[in-house]
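Survey of secondary and tertiary structure
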4 protein chains.
Amino acid sequence: MILTVDITSDVPIYQQLRDRVVEAIADGRLAVGDSLPATRALAADFGINFHTVNKAYDVLRQQGLVRVQRKTGATVSKDQSTGPPDAAFTEDWTARARTLLAEAVANGMPAAEVQERCRALLDGFVDKGRTS
Amino acid sequence: MILTVDITSDVPIYQQLRDRVVEAIADGRLAVGDSLPATRALAADFGINFHTVNKAYDVLRQQGLVRVQRKTGATVSKDQSTGPPDAAFTEDWTARARTLLAEAVANGMPAAEVQERCRALLDGFVDKGRTS
Amino acid sequence: MILTVDITSDVPIYQQLRDRVVEAIADGRLAVGDSLPATRALAADFGINFHTVNKAYDVLRQQGLVRVQRKTGATVSKDQSTGPPDAAFTEDWTARARTLLAEAVANGMPAAEVQERCRALLDGFVDKGRTS
Amino acid sequence: MILTVDITSDVPIYQQLRDRVVEAIADGRLAVGDSLPATRALAADFGINFHTVNKAYDVLRQQGLVRVQRKTGATVSKDQSTGPPDAAFTEDWTARARTLLAEAVANGMPAAEVQERCRALLDGFVDKGRTS
DNA sequence: GTGGTCTAGACCACA
DNA sequence: GTGGTCTAGACCACC
């Protein structure tokens with residue numbers, strides 16, 4: 001499990017960590033039951049405060065993607081095979097997707113190219129870590 | 001031009017306004033040269049401060065989507081027909097799209113459904129405000 | 001005398017008009033005693049309010065570059081051959097030049113190139129409309 | 001880092017602050033990575049509102065000269081050694097330089113003196129903060 | 001009548 | 001302790 005954060009980015013560090021874990025789950029690098037790095041170790045690697053890592057893990061826990069236990073640390077509790085998302089998530093996600101896709105179109109990216117890029121990104125997810 | 005904002009949302013109000021305008025540009029409700037509501041008038045409609053609207057318009061100006069002049073107010077200065085976006089935008093957008101699509105997959109939405117939802121959203125953009 | 005204004009610029013129109021006249025004086029297209037276009041005619045040409053032209057001429061008058069009379073309209077009252085500027089002007093101008101030159105240097109333009117560009121611009125002024 | 005602002009000037013305070021920072025970068029008093037004063041602290045020093053300082057820093061951020069982060073505050077992100085400016089900047093800068101130089105010439109400053117003053121100002125920039 | 005600038009003060013987010 | 005967001009209200013600049 002290799003994660004990267006850009007300390008100079010405008011995106012909050014805890015958000016970057018959360019995003020990288022979500023991507024790792026999506027492309028199969030992290031499967032259900034897998035352990036995430038220990039908070040203090042990960043914080044030391046990046047030279048950041050371990051509270052920041054804690055916050056990232058807590059966000060993932062609130063979103064139901066990881067389980068945090070005192071002894072085992074953080075483990076992935078859900079992945080794409082667990083079942084379809086609930087209606088609330090789908091609604092919220094669709095609203096954010098609408099904005100993101102609109103941003104591409106409004107900036108002049110042809111709708112066909114937008115769709116193709118989405119397809120390519122999704123291929124990257126389903127291809128990794130799977131046999132089927 | 002009808003915009004909506006959710007005062008109770010965690011998303012900053014100025015960001016919501018910016019998002020709504022981007023979507024309106026993408027689906028053709030706002031075309032190049034169209035005027036946005038006056039900052040103070042829009043603020044009064046929503047019961048928010050005019051500085052908040054100001055910031056939303058300023059963000060859109062920085063992103064090259066609207067032009068702000070003292071006399072004219074804010075007008076749309078760019079749309080999907082202006083030409084392809086530059087490399088920096090495309091790179092940044094793709095990174096954000098990767099995270100958003102990963103979030104859907106990680107929460108159990110099948111890749112095919114994700115792609116279908118993207119297609120449906122894009123259809124909504126290209127269909128509106130066109131004669132064809 | 002041909003002036004141009006960019007109605008879409010962030011620079012106020014009256015300021016643009018003032019700048020164009022100053023440049024015309026510097027490069028010799030306008031000499032002492034020459035008439036500036038009538039305010040209403042110029043306003044009609046550009047499709048702008050004649051008060052805006054008036055303001056531009058008034059700024060030039062305050063700066064001692066033109067004289068405005070009811071009958072003759074606006075005429076150039078001073079040019080580069082009238083004598084050296086006073087200390088107040090020189091001090092103010094130098095402060096503004098410091099900022100402008102610093103902006104180029106801070107953005108990575110080599111000092112030698114900045115100086116060369118200044119020389120080229122000055123050549124453009126002293127070459128036109130002179131025999132010497 | 002010493003900055004000065006003139007409350008009585010017609011130039012907006014945030015613009016003055018931005019200009020002083022640009023000059024400090026140009027003459028080497030501020031190097032890449034250096035921190036700018038905290039917005040609220042600087043505001044208190046000058047007896048102005050912190051929003052005004054905020055705006056100055058935001059303008060510098062938009063121009064790519066400083067980076068603003070929650071924890072670190074504002075730091076210089078670019079200086080004259082970063083590489084040449086892009087074409088858009090050069091074009092815009094040259095237009096403003098034309099006006100400024102024309103103003104000196106139109107007010108009777110000999111072109112040779114204008115050039116000499118530019119050279120002297122540029123010397124001030126390249127001399128400071130260097131070991132050579 | 002439009003946006004621009006500045007002030008004052010509150011509460012929140014990030015690290 | 002840093003900046004970010006939002007509110008409220010004043011006065012100014014441009015057209």
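Residues numbered from 1 in each chain as written. Chains lettered and ligands numbered in written order. Predicted model: local features only at pLDDT ≥ 70, side-chain atom pairs only at ≥ 80, totals over all residues. Heavy atoms only, no water.

- Identification of chain A as DNA-binding transcriptional regulator YhcF (GntR family) from Labedaea rhizosphaerae is taken from an unreviewed UniProt entry.

Considerations on the protein's contact with DNA strand F
- Neighbouring DNA strand F are 28 residues, the closest being I13, Y14, H51 and K55 of chain B together with R70 of chain D.
- Among atoms of DNA strand F positioned within 4 Å of the protein, sugar and phosphate together represent 70%.
- Contacts to DNA strand F include Y14 of chain B, whose side-chain N or O atom sits 2.5 Å from a phosphate oxygen.
- Note that a phosphate oxygen of DNA strand F is positioned 2.9 Å from one of the backbone N or O atoms of I13 of chain C.
- Mapped onto the surface near DNA strand F, the elements with two or more residues apiece are α1 (13–26) and α3 (50–62) of chain B, α1 (13–26) and α3 (50–62) of chain C together with α2 (39–46), α3 (50–62) and β1 (66–69) of chain D. (Near = heavy atom within 4 Å. Polar contact = N/O pair within 3.5 Å; in protein donor to acceptor, adjacent residues only side chain to side chain. Helix = DSSP H or I, 4+ residues; strand = E, 2+ residues; numbered from the N terminus.)

Regarding the relation of the copies chain A and chain B
- Least-squares fitting of chain A to chain B yields an RMSD of 0.2 Å, with the transformation described by 0.0 Å of translation along the axis and a rotation of 179°. Given the turn and translation reported, the copies of this chain are related as if by a two-fold rotation axis.
- In this assembly, 98% of the residues forming the interface of chain A have copies in chain B that are likewise at the interface, indicating an isologous arrangement. (Least-squares fit on C-alpha atoms with pLDDT ≥ 70 in both. Contact = heavy atoms within 4.5 Å.)

Quick notes on the packing of helix α2 (residues 39–46) of chain A against helix α3 (residues 50–62) of chain A
Residue and element names in this part refer to chain A.
- For the pair α2 and α3, the least separation of the axes is 8 Å and the interaxial angle reads 120°. As judged from the angle between their axes, α2 and α3 are oblique. Read as a crossing pair, α2 and α3 show a hand that is right-handed. Between α2 and α3, the residues in contact are T39, R40, L42 and A43 and F50, V53, N54 and Y57, respectively.
- Taken together, the residues that form the contact of α2 with α3 break down as 5 nonpolar, 2 polar and 1 charged. (Axes fitted to C-alpha atoms, helices over the stretch in contact; angles between N-to-C directions. Parallel < 35°, antiparallel > 145°, perpendicular 65-115°, else oblique. Left-handed = near helix turned anticlockwise from the far one by under 90°. Nonpolar A, V, L, I, M, F, W, Y, C, P; charged D, E, K, R; others polar.)

Thoughts on the protein's contact with DNA strand E
- Every one of the 28 residues lining DNA strand E counts as a neighbour, but H51 of chain B together with I13, Y14, H51 and K55 of chain D are closest to it.
- The sugar and phosphate moieties of DNA strand E supply 70% of its atoms located within 4 Å of the protein.
- A distance of 2.9 Å is found between a phosphate oxygen of DNA strand E and a side-chain nitrogen or oxygen belonging to Y14 of chain A.
- A distance of 2.6 Å separates a base nitrogen of DNA strand E from a polar side-chain atom of H51 of chain B.
- Looking at the surface near DNA strand E, the elements that each hand over two or more residues are α1 (13–26) and α3 of chain A, α2 (39–46), α3 and β1 (66–69) of chain B together with α1 (13–26) and α3 of chain D.
- Sorting elements by how many residues they give to the surface near DNA strand E places α3 of chain D first, with 4 residues.
- A class-by-class count of the residues in the surface near DNA strand E yields 11 nonpolar, 9 polar and 8 charged.

Quick notes on the domain arrangement of chain A
- We note that the domain assignment places domain 1 (13–81) and domain 2 (84–126) within chain A.
- Relative to domain 2 of chain A, the C-alpha centre of domain 1 of chain A lies at a distance of 24 Å. (Domains from an automatic or database assignment.)

So, the pairing of strand β1 (residues 66–69) of chain C
All names here are of chain C.
- Pairing between β1 and strand β2 (residues 73–76): 4 bridges, direction antiparallel. From the neighbouring strand, Q69 faces β2, where its bridge partner is G73.
- Hairpin connection from β1 to β2: 3 residues lie between these consecutive antiparallel strands. (Pairing = 2+ DSSP bridges.)

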